[in-house]
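# A look at the structure
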Amino acid sequence: MKQRKFKTEVSELLQLIIHSLYSNKEIFLRELVSNSSDALDKLKYLSLTDEKLKGFAFEPRIDISFTEGDKRTLTISDNGLGMDEDDLANNLGTIASSGTKKFLASLTEEQKKDSNLIGQFGVGFYSAFMVADKVEVISRKAGEEIAHKWSSTGKGTYSLEETTREEQGTTITLYLGEEGTEFANRWQIQQLVKKYSDHVAFPIFLSYDQESVDDKKKDKDGNPLKTVEHKVEQINNSSALWRNNKNDITPEEYNEFYKSSSYDSEDPLFYIHTKAEGAIEYTTLFFIPAKAPFDMNQADYRPGVKLFVKRVYITDDDKELLPTYLRFVRGIIDSEDLPLNVSREILQQNRVMSSIRNASVKKLLSEFQKISEQNPDKYATFIEQYNRPLKEGLYSDYANRDTLLELVRFKSSTEDGYVSLASYKERMSTDQKSIYYITGGKESTLKASPLLEAYRKRGFEVLIMSDDIDDIVVGSIGTYKDLPLKAINKSGAVDDLKSDEEPVEKTKESKKLIKKIKKALGDKVKDVVISSRLVESPAVVVVDENDPSVQMQQLLKSMGQGDFEDIKPILEVNIEDPMVKKIEASDDDEYVADLCSVLLDQALLAEGVMPKDPVAFTKKLHSLLSR
Ligand code: ADP
């Protein structure tokens, strides 16, 4: 018998599960049944496609039994694919999913106490240790002769030894501790299976002893005769829920199906069930989780859609089933027309698959739109979680761009919460020629930007784009319903604000002033211009139409990307401002140089950019104030 150590992250995960999921310990049964169901799916698939296992005949089933009394146990058994020695060590001695590993590493101590967070990823097999003092796994892999026994008390190590098992599959025995005694009970098990695993596609049988008392027959002491009958009874529905008629499925059934198949402990925000008949026949059942999956923004996210062909499970690990930007969608695609032995490579080029995929995307997006129109509250919750991936769709899914433009939301300088482009357009005044936005910083910084002054004064709404991907995304939008989108922190938007009422006088004096400031600032700026849009601030910085915004430069710099030494800002000055008037009036070169330098630095500060030399800045400020 070999004793082995768990990988450290397993020990950590175990601690985490035991402490934070404790109030919801009953989910262990759902997790184990779902593992069994996966193993049956896999073997069924291999028996149709794998050279070695082709024609392998078996009646897929899951069996649950228990013992009462002093030594209470609960056993879950399946005749699925099973595991060999390496599988046992690799699957039950380490954490297989790297997403889970990263997730664990990213949690703070505070977050580790939040059971909702933990509930978001598959705790799987290890949840057994919430109710058991010891767990024993006997498994024999299909096509192999020997079986192995894995055993552990969940305290750092596990043992592995050879054993026998009649047929392929896995038997998990839980030696229930004090915390688990309640589960060695027929009614309890029945109720949990009904609640969590009713629609597992395979029959789940419970075996139990039923005692009956026969008054007519007496035992040798003259007491009524007790007989014990051993019973085996199927306790789940075992129909693939998605194959049923929509009208025959209750919302509760949908929700339970979701929770039992997706590792989420919360009801979904909504679901979309579609049966397509015609040239291509398929069924899809999609769920939108109430909270974004924890790994949504990781490159190695776990895809949430399973592919079935004629009810036979094919894969749950194909990122091509839906476009990347819809990676938060959970559910199933069941096709009538794909071959069972469809490989990943074939899937990607398969005509049937690509039409199912395209139709699914259209269906999902139109459903999102329907909800945005009919149920604004629900849509707000949806946007809170999924605005960002939808924005990714804007530059990755050109075919659905128009729909996506209606779905994405932005913050606004004049409205609370999120606004759509359509509602922005409705609020526009007749003399407004473009949709204005500001990008590249935190929402609070952007909302306080002096650049907004003139737009506010004119009654123009400005979209506040504070998401870090906004800069990339809006660039790809270009126009919305023929209206150009213009960044107010770039030089191109300025012209729109010029009007007859506010002529910008390019008098001799102002030209002289500009020259003076340019001379004082030298190569710290690309240009100095008179502002037509400032009301309260003395100056602002903008960047050239084709340069990244000041904040974007900072963001890229902080990620170690790009060298922006030579991208200089353009300084826009307000000639009505007293500070600027002082520059105009003075002949003292040193004084003018200090004023100009502070003028530039405070304009950068207002955009959230630290002055290059903070000490020099404060010194100059001090000298100016003490003057
Ligand atoms: P997950 O199911 O999320 O992958 P688990 O910790 O529940 O994580 O299980 C880890 C792995 O162990 C599974 O992916 C599977 O390969 C294997 N496994 C667990 N239970 C069984 C079983 N009953 N039959 C075959 N393999 C199993």
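As a starting point, this report considers the structure included with it. Here the residue index of a chain counts from 1 through its sequence in written order. Per-residue local features of the predicted model are confined to residues with pLDDT of at least 70, and side-chain atom pairs are confined, for both listing and counting, to 80 or more; whole-chain, interface and lining totals are unaffected and use all residues. To get the side-chain values, take all heavy atoms of the structure and skip hydrogens and water.

### Some details on the sheet that holds strand β9 (residues 224-234)
Stated formally: Think of it this way: DSSP has to see at least two bridges between two strands before they count as a pair. Helix and strand assignments follow DSSP, with helices taken as H or I runs no shorter than four residues and strands as E runs no shorter than two, numbered in order from the N terminus. Each axis is a line fitted through C-alpha atoms, taken for helices only over the stretch in contact, and angles between the N-to-C directions span 0 to 180 degrees. The contact definition used throughout considers only heavy atoms, calling two residues in contact when any of these lie within 4.5 Å.
Taken together, the nine strands give an open sheet; going across it, the order is β1-β6-β5-β4-β7-β3-β2-β8-β9, and neighbouring strands pair in mixed fashion. The open sheet is flanked by β1 (2-5) and β9, the only strands paired with a single partner. Here the average twist between neighbouring strands, direction ignored, is 20°. Sheet topology places strand β4 (residues 132-140) next to strand β7 (residues 169-176); eight bridges connect them, and they run antiparallel. For S139, the partnering residue across the bridge sits in β7 and is T170. Across the sheet, helix α3 (residues 85-93) touches β1, β4, β5 (147-152) and β6 (157-163), and the angle it forms with β6 is around 160°. Relative to strand β8 (residues 204-218), helix α7 (residues 186-197) is tilted by about 145°, and along the sheet it contacts β2 (62-67), β3 (73-78), β8 and β9.

### Concerning the packing of helix α20 (residues 589-606) against helix α21 (residues 614-626)
Rule in force here: Between 65 and 115 degrees an angle is taken as roughly perpendicular, under 35 as roughly parallel, over 145 as roughly antiparallel, and anywhere else as oblique. Each crossing gets its handedness from the near helix: less than a right angle anticlockwise from the far helix is left-handed, clockwise is right-handed. In this classification, the charged set is Asp, Glu, Lys and Arg, the nonpolar set is Ala, Val, Leu, Ile, Met, Phe, Trp, Tyr, Cys and Pro, and all remaining amino acids, among them Gly, are polar.
Two numbers describe how α20 lies on α21: the axes approach to 10 Å, and their chain directions differ by 125°. When the interaxial angle is binned, α20 and α21 end up oblique. The chirality of how α20 crosses α21 is left-handed. Here α20 contributes Y591, D594, L595, S597, V598, D601, Q602 and L605 to the contact with α21, which in turn contributes F617, K620, L621, S623 and L624. When grouped by side-chain class, the residues that make up the contact of α20 with α21 number seven nonpolar, three polar and three charged.

### A short note on α20
Condition: For a helix, the expected span equals 1.5 Å multiplied by the number of residues minus one. In protein, a polar contact requires one atom able to donate a hydrogen and another able to accept it; more generally it is a pair of N or O atoms within 3.5 Å, and residues adjacent in sequence count only if both atoms are side-chain atoms.
Given a rise of 1.5 Å per residue, 18 residues ought to cover 26 Å, and the 26 Å separating the end C-alpha atoms of α20 matches this to within 8%. For α20, the capping residue at the N-terminal end is D588, with a side-chain oxygen 3.1 Å from the backbone nitrogen of E590. Looking at the residues trailing α20, positive phi occurs at G608, about 85°.

### Quick look at the packing of helix α17 (residues 508-521) against helix α19 (residues 578-585)
Pairs of packed helices are described in terms of their axes, by the angle between the two and the distance that separates them. Across the interface, α17 lies against α19 with an axial gap of 10 Å and an inter-helix angle of 90°. The angle between α17 and α19 falls in the class roughly perpendicular. For the pair α17 and α19, the contacting residues are E509, L513, K516 and I517 in the first and V580, I583, E584 and A585 in the second. Looking at the contact of α17 with α19, its residues break down into five nonpolar, no polar and three charged.

### Some remarks on the pairing of strand β14 (residues 330-335)
Side-chain positions along a regular strand alternate between the two faces of the sheet. To keep it simple, the criterion reads: Only protein chains enter the area calculation, which uses a 1.4 Å probe; residues under 20% of their type maximum are buried, those over 50% are exposed, and those in between are partly exposed.
The element β14 is largely enclosed, with a buried count of six among its six residues. Side chains of β14 alternate between two faces, with R330, I332 and D334 and G331, I333 and S335 buried alike. Direction of pairing for strand β11 (residues 282-288) relative to β14: antiparallel, over a ladder of six bridges. In the sheet register, T283 faces β14, and the bridge partner there is D334.

### Topic: the packing of aromatic side chains
Note the cut-off: Only Phe, Tyr and Trp rings are paired, with Trp represented by its six-membered ring, and only when their centres lie within 6.5 Å; those with planes under 30 degrees apart are stacked, over 60 edge-to-face, the remainder tilted. Over a ring means this: the NZ of a Lys or the CZ of an Arg is within 6 Å of the ring centre and within 35 degrees of the ring normal.
One pass over the full model with this rule turns up 24 aromatic pairs. Ring geometry for F125 and F129: centres 6.5 Å apart, planes at 90°, overall edge-to-face. Comparing F125 with F129 shows no difference in burial state: the two are buried. Three or more aromatic residues joined by ring pairs form one cluster here, namely W242, Y254, F257, Y258, Y271, F287 and F308. Above the plane of the ring of Y301 lies K319, whose end atom (NZ or CZ) is 4.2 Å from the centre. Positioned over the ring face of Y301 is R327, at 5.8 Å from the centre of the ring.

### Things to note about the sheet that holds strand β15 (residues 411-412)
Overall, mixed pairing links the five strands, which are arranged β15-β17-β16-β19-β18 in an open sheet. In this open sheet, the two edge strands, each paired with only one partner strand, are β15 and β18 (479-480). In the sheet, strand β16 (residues 435-439) pairs with strand β17 (residues 462-465) via four bridges, with the strands oriented parallel. The residue of β17 that forms the bridge with Y436 is V462. Against the sheet, helix α16 (residues 470-477) touches β16, β17, β18 and β19 (483-487), its axis set at about 155° to β16.

### Overview of the site of the ligand
What counts here: Working definition: residue near molecule or strand if any one of its non-hydrogen atoms lies within 4 Å of it. Where accessible areas are quoted, they stem from the Shrake-Rupley method and a 1.4 Å probe; at the residue level, only the protein chains shown are allowed to cover.
Lining the immediate surroundings of the ligand are 14 residues, of which N35, D78, N91, G124 and F125 lie closest. Contacts to the ligand include N91, whose side-chain N or O atom sits 3.2 Å from an oxygen atom. For the ligand, an oxygen atom lies 2.8 Å from a polar atom in the backbone of F125. In isolation the ligand exposes 530 Å². Once the protein is present, 85% of that is buried. Elements with a contribution of two residues or more to the shell around the ligand: α2 (27-49) and α3. Ranked by residue count, the leading element in the shell around the ligand is α2, at four residues. Counted by class, the shell around the ligand contains six nonpolar, five polar and three charged residues.

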